[in-house]
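Residue-level structural notes
Listed below, chain by chain, are the residues.
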Amino acid sequence: DAKTTQPPSMDCAEGRAANLPCNHSTISGNEYVYWYRQIHSQGPQYIIHGLKNNETNEMASLIITEDRKSSTLILPHATLRDTAVYYCIVRVGGSARQLTFGSGTQLTVLP
Amino acid sequence: SAVISQKPSRDICQRGTSLTIQCQVDSQVTMMFWYRQQPGQSLTLIATANQGSEATYESGFVIDKFPISRPNLTFSTLTVSNMSPEDSSIYLCSVQPSSSYNEQFFGPGTRLTVL
């Protein structure tokens, strides 16, 4: 699985968009970008994933650059409940394999 | 989706003892994993629990220390043996349903403190 790099922490004002970057410059052609988050004292929760097209679901949007070497997770209207550690993970899609977690980004949504 | 429960949710144990953590899933799943999260750290995979065969351990983890059972497709146990304070962590069970290779589900975790 390709290595990812994320900033250790970010702040965001409540109601504003939170943009969380992830660098994955060694990503392979068959590897997807996955995002999970871990709210304090809970297990990680899947957010979204994508290969090369931008993706959107009810939780977030995922923007992947054309060269696929970086991506951004967007929470359009952050709430206090979005305060969590966000993990960007790269791995082969559709495979029954474990996840390899990096250090993630601690997002703090401020009132 | 999959709903996962773990028992116990937390425990405080004495050095040298062992604790068995249970993971129960509400549906049959092929892949089950056990992770450890040390204080202030990210998750580290301990092993993949294989139904009907021995677990597959990651580098740095051994069966004598972390024996795992997987008697069926909905249940697994992880034992932390001969505990020391360094074993104080959150232990998480995770599953990947065969119907959803792009999403893994995690249990709430077991918070273990070793004195």
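Focus: the overall build of chain B
For chain B, the helix and strand inventory stands at zero helices and eleven strands. Each helix and strand of chain B, placed in order from N terminus to C terminus, yields the pattern β-β-β-β-β-β-β-β-β-β-β. On C-alpha atoms alone, chain B measures out to a radius of gyration of 13 Å, which is about the 13 Å that the 2.2 N^0.38 rule sets for 115 residues. Considered along the principal axes of its C-alpha atoms, chain B spans approximately 40 × 25 × 20 Å. Relative to its 115 residues, chain B shows a buried fraction of 51%. Partitioning the contacts of chain B with sequence separation of at least 6, the portion at a separation of at least 24 is 54%.

Focus: unusual backbone geometry
For the bond from Lys 7 of chain B to Pro 8 of chain B, the omega torsion is -10°, close enough to zero to count as cis. Among the secondary structure elements, Pro 8 of chain B is positioned in the loop between strand E1 (4-7) and strand E2 (10-13). The residue Arg 68 of chain A is not glycine, and still its phi comes out positive at about 65°. Of the residues examined, Arg 68 of chain A reaches a relative accessible area of 10% and is grouped as buried.

Some points on the confidence of the model for chain A
Across chain A, pLDDT averages 93, with 97% of residues at or above 70. Looking at the elements of chain A, mean pLDDT is at its lowest for strand E8 (residues 84-92) of chain A, recorded as 93, and at its highest for strand E2 (residues 18-23) of chain A, recorded as 98.

Things to note about the side chain of Ser 84 of chain B
All names here are of chain B. With respect to the helices and strands, the residue Ser 84 is situated in the loop between strand E8 (75-80) and strand E9 (89-96). On the accessibility criterion, Ser 84 (18% relative accessible area) is buried. Engagement of the side chain of Ser 84 in a polar contact is seen with the side chain of Glu 86, the distance being 2.9 Å. Not counting residues up to four positions away in its chain, the partners in contact with Ser 84 are Arg 15, Lys 65 and Val 114.

Re the pattern of salt bridges
Residues and elements named next belong to chain A. Applying the stated criterion to the full structure yields two salt bridges over all chains. The salt bridge partner of Arg 37 is Asp 82, with a shortest N-O separation of 2.8 Å. Here the residue Arg 37 occupies a position in strand E3 (residues 31-38), and Asp 82 occupies one in the loop between strand E7 (70-75) and E8, the gap between them amounting to 45 residues. Note on accessibility: Arg 37 and Asp 82 belong to one class, buried.

Some thoughts on the interface of chain B and chain A
Chain B puts 18 residues into the contact, and the matching count from chain A is 21 residues. Here chain B and chain A share an interface that buries about 1500 Å² over both sides, 51% of which is from carbon and sulfur atoms. Interface area lost by chain B to chain A is led by Tyr 101, Asn 102 and Phe 106 of chain B, which between them contribute 33%. Put simply, chain B and chain A have zero salt bridges between them. Along the contact surface separating chain B from chain A lie five residue pairs in polar contact (both at pLDDT 80 or more). When residues of the side of chain B that touches chain A are assigned to their parent elements, the largest contribution, four residues, is made by strand E4 (residues 31-37) of chain B. Of the residues belonging to the side of chain B that touches chain A, the class tally is nine nonpolar, six polar and three charged.

Criteria and cut-off values
- Residues numbered from 1 in each chain as written.
- Chains lettered and ligands numbered in written order.
- Predicted model: local features only at pLDDT ≥ 70, side-chain atom pairs only at ≥ 80, totals over all residues.
- Heavy atoms only, no water.
- Helix = DSSP H or I, 4+ residues; strand = E, 2+ residues; numbered from the N terminus.
- Rg over C-alpha atoms; globule rule 2.2 N^0.38 Å.
- Buried < 20%, exposed > 50% of the residue type's maximum accessible area, 1.4 Å probe, protein only.
- Contact = heavy atoms within 4.5 Å.
- pLDDT = per-residue confidence, 0-100.
- Polar contact = N/O pair within 3.5 Å; in protein donor to acceptor, adjacent residues only side chain to side chain.
- Salt bridge = Lys/Arg side-chain N within 4 Å of Asp/Glu carboxyl O.
- Buried area = accessible area lost by both parts, 1.4 Å probe.
- Nonpolar A, V, L, I, M, F, W, Y, C, P; charged D, E, K, R; others polar.

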